[in-house]
Amino acid sequence: MIKVEHLSKSFGDLVVLKDISTEIRKGEVVSIIGPSGTGKSTFLRCLNLLDRPTSGSIMIDGMDILTHPTAVTQVRQRMNMVFQSFNLFAHLSVLDNLTLAPRKLRGVDRLSAEKKARDLLRLVGLAEKAHAFPDELSGGQKQRVAIARCLAMEPEIILFDEPTSALDPTMVSEVLAVIRKLAREGMTMAIVTHEMDFARDVSHRVFYMDQGLIYEEGTPQQIFNDPQKDRTRVFINRIRSLTRHITTSDFDLYALNSEIDIFCERHDLSRQARNNVQLLVEEVLELHRPRLSAGPLDLTISYSEKAGTLELFLDSEAVGGDPLEPGAEDDGLALLVIRGFSHQLDYHLHQGRGRLHVLVKPD
Ligand code: ADP
Ligand code: MG
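Remember, predicted model here, so these are calculated numbers, not experimental data. (Residues numbered from 1 in each chain as written. Chains lettered and ligands numbered in written order. Predicted model: local features only at pLDDT ≥ 70, side-chain atom pairs only at ≥ 80, totals over all residues. Heavy atoms only, no water.)

Novice: Whenever I open this one, the overall build of the protein confuses me. Can you help?
Specialist: Of regular secondary structure, the protein possesses twelve helices and 15 strands. A separation threshold of at least 6 residues defines the contact pool for the protein, and within that pool the share at least 24 residues apart is 64%. As displayed, the protein has an accessible area near 17,500 Å², and 50% of this comes from carbon and sulfur atoms. Charged side chains of the protein number 43 positive and 51 negative; the gap between the two group centres comes to 8 Å. (Helix = DSSP H or I, 4+ residues; strand = E, 2+ residues; numbered from the N terminus. Contact = heavy atoms within 4.5 Å. Areas by Shrake-Rupley, 256 points an atom, 1.4 Å probe, with all protein chains shown as cover. Lys, Arg positive; Asp, Glu negative; His and termini not counted. Charge placed at Lys NZ, Arg CZ, Asp CG, Glu CD.)

What follows is the structure, encoded as C-alpha cells:
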C-alpha cells in the first residue's frame, strides 16, 4: 500500500532521516519504536506530506505522491494522522469537530455527516459526549474523540504519533483499547509508541528506529525477544527496567510507588510481587538514607521475562562499608524487612560504587 524508497529528510544541515526504504501493506499494523530524536515523528510527517522529504520516493498504491500534482489533498484524505496533543478545535462541540472536515473537504451533507459522527462516537465509547466541548473531557476522552474525528474522513491508513504520551497513566488503556479495536477490524496503521506491551501485541511488524534509520525491523517476537543488532538490544533491555536517580532524602516516594505499579502491571506481575518490590524499595532507600550525603543513589528495578525474575539494584557511594552488616541499631528493622522479601541479597563493588543487589521474592 505504501512503498518508501531512499527517503531522506534534512532540516538545514541537520540530517534527520537517512535513506529509509520500506513497505507497509494493506491491513498491516506497524509499530515504530526507538529513542526520542531519532526521526520517528518526521518519518510519519513525511508520509503524510506535513514535512517535505529532501529526497527519495513515497508511492501509495503506485502513485508517487512527491511528484503527483494533486497528491496533498488525496494523501491527506487517504492517510489521516492522530497526534499526541489531540489538536481538537476547542470552540467546537465534539459533534462539530467530527463533521467539520467531511462537510468542508468531502462535501458530505450535514445530516449524513452527523449520523456518521454519532456512529463513530459510539465506536469509541463517547456517544453521550456529542454535545460536550473538548474542555469538558478528560485527556483519554479527547484522544478518543480525535481518533473518531480521524475516522470520519474514512481514511485507508491511520498514522498515530505517540497517541498516549500526553495522557495520565490511568487513561492510557482506554485509548489503546480503541486502537486495538481498529487493528482487529483490519485498519492499516503505523503507530509511533512507547507502550511496548501494546506494540508487542497489536502489531504485525515492529520498526526500531535509531539515528534516522529503520535500524532493525521484524515481528514483535523478533524485536522484543530476540533483537539481532546492538542498539536494538540496548534499547529493549533498558525499557525492561525502571531507573530512578535520587539526590535528596525528600524525594517523592508516592510518585515512585505509582511508577512501580505501572511497571509491574506492564509486565503482568502479581499483586504480591508488586507489594514486595514496593516494600523493598522503601526499606532499601531507608537503609541508604545516611549515604545520600556522600552522593546520589541510583535505583534500578529490572524484570527478565525469560528468567521470570525481578531484581532490584541500588548503587551508592561506597562509604561506610557493607550496609547489610547490622550496625546502627535503627537499621535493624529495615534489614529484617529486606531479608524477608528477598530471595537473594548481596552487596558488592560495581564500577567503583557500592551496589546492593536483591532478587525479589515473587510471592
Ligand atoms: P522523534 O519523533 O523520534 O523523537 P523527531 O522526528 O521529532 O524525532 O525529530 C528528529 C530530529 O529532527 C530532532 O533532532 C528534531 O530536533 C529535529 N526536527 C524535527 N522537526 C524539525 C523542524 N521542523 N525543524 C528543525 N529540526 C527539526
Ligand atoms: Mg516524536
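Novice: Where do I start with the sheet that holds strand 7 (residues 157–161) in this structure?
Specialist: What holds strands together in a sheet is hydrogen bonding between their backbones, with the strands either parallel or antiparallel. One open sheet accounts for six strands, arranged 6-7-8-3-9-10; its pairing is mixed. Only two strands of the sheet have a single neighbouring strand rather than two, namely strand 6 (79–82) and strand 10 (213–218). Between one strand and the next, the sheet's axes are offset by a mean angle of 20°, whatever the strand orientation. Summarising the sheet, strand 9 (residues 205–210) and strand 10 pair through five bridges and their orientation is antiparallel. When the bridges of strand 10 are listed, aspartate 210 appears paired with leucine 213. Sheet strands touched by helix 2 (residues 71–78): strand 6 and strand 7. Its angle to strand 6, the strand with the most contacts, is close to 60°. Sheet contacts for helix 6 (residues 172–184): strand 3 (29–33), strand 7 and strand 8 (188–192); angle to strand 8, the most-contacted strand, approximately 145°. (Pairing = 2+ DSSP bridges. Axes fitted to C-alpha atoms, helices over the stretch in contact; angles between N-to-C directions.)

Novice: I keep staring at the site of ligand 1 and nothing clicks. Help me out?
Specialist: The local shell around ligand 1 consists of Phe11, Leu14, Val16, Pro35, Ser36, Gly37, Thr38, Gly39, Lys40, Ser41 and Thr42. Interatomic distance of 2.9 Å between a side-chain N/O atom of lysine 40 and an oxygen atom of ligand 1. Only strand 2 (14–24) and helix 1 (40–47) provide two or more residues apiece to the shell around ligand 1. Broken down by element, the shell around ligand 1 gets its largest block of residues, three residues, from helix 1. Its residues assigned to classes, the shell around ligand 1 comprises four nonpolar, six polar and one charged. (Near = heavy atom within 4 Å. Polar contact = N/O pair within 3.5 Å; in protein donor to acceptor, adjacent residues only side chain to side chain. Nonpolar A, V, L, I, M, F, W, Y, C, P; charged D, E, K, R; others polar.)

Novice: Explanation requested: the pairing of strand 1 (residues 2–11) in the structure shown.
Specialist: Working note: regular strand, side chains alternate between the two faces of the sheet. As paired elements, strand 1 and strand 4 (residues 55–60) share five bridges and run antiparallel to each other. Bridge assignment links valine 4 to a residue of strand 4, and that residue is isoleucine 58. Where strand 1 meets strand 2, seven bridges bridge the pair, whose relative direction is antiparallel. Within strand 2, the residue paired with isoleucine 2 across the bridge is isoleucine 24. Joining the antiparallel neighbours strand 1 and strand 2 is a turn of two residues, in which glycine 12 adopts a positive phi near 60°.

Novice: Just to check I follow, could you spell out the packing of aromatic side chains for this structure?
Specialist: Each aromatic ring pair is specified by the distance between its two centres and by the angle formed by the two planes. Counted according to the given criterion, the structure contains two aromatic pairs. Centroid distance tyrosine 208 to tyrosine 215: 5.9 Å. Interplanar angle 75°. Geometry classified as edge-to-face. Between lysine 229 and the ring centre of tyrosine 215, over which it is positioned, the NZ or CZ distance is 4.4 Å. (Phe/Tyr/Trp six-rings, centres within 6.5 Å; stacked < 30°, edge-to-face > 60°. Lys NZ or Arg CZ within 6 Å of the ring centre and 35° of its normal.)

Novice: Help me understand the pattern of salt bridges, please; the structure alone is not making it clear to me.
Specialist: Note on pairing: side chains with opposite charge can pair once their charged atoms come close. Scanning the entire structure with this criterion turns up 23 salt bridges. Between glutamate 23 and arginine 25 there is a salt bridge, with its nearest N and O atoms 3.9 Å apart. Take glutamate 23: its relative accessible area is 32%, and that puts it in the partly exposed class. A residue is classified by how much of its surface remains accessible, and arginine 25, at 44% relative accessible area, is partly exposed. One salt bridge in this structure joins arginine 289 and glutamate 286, with 3.2 Å as the shortest N-O distance. Arginine 289 gets classed as partly exposed once you look at its relative accessible area, which sits at 34%. Each of Lys3, Glu23, Arg25, Glu28, Arg205 and Glu217 takes part in one network of salt bridges that share partners. (Salt bridge = Lys/Arg side-chain N within 4 Å of Asp/Glu carboxyl O. Buried < 20%, exposed > 50% of the residue type's maximum accessible area, 1.4 Å probe, protein only.)

Novice: Where do I start with the sheet that holds strand 11 (residues 241–246) in this structure?
Specialist: With antiparallel pairing, the five strands of this open sheet are ordered in space as 11-12-13-15-14. Looking along the sheet, the strands with just one partner apiece sit at the ends: strand 11 and strand 14 (342–350). Sheet twist, expressed as the average angle between the axes of neighbouring strands with direction ignored, equals 15°. Sheet topology places strand 13 (residues 309–316) next to strand 15 (residues 353–360); six bridges connect them, and they run antiparallel. By the bridge assignment for strand 15, phenylalanine 313 is matched with histidine 357. Packed onto the sheet, helix 10 (residues 253–266) meets strand 11, strand 12 (297–304) and strand 13 and runs at close to 170° relative to strand 11.

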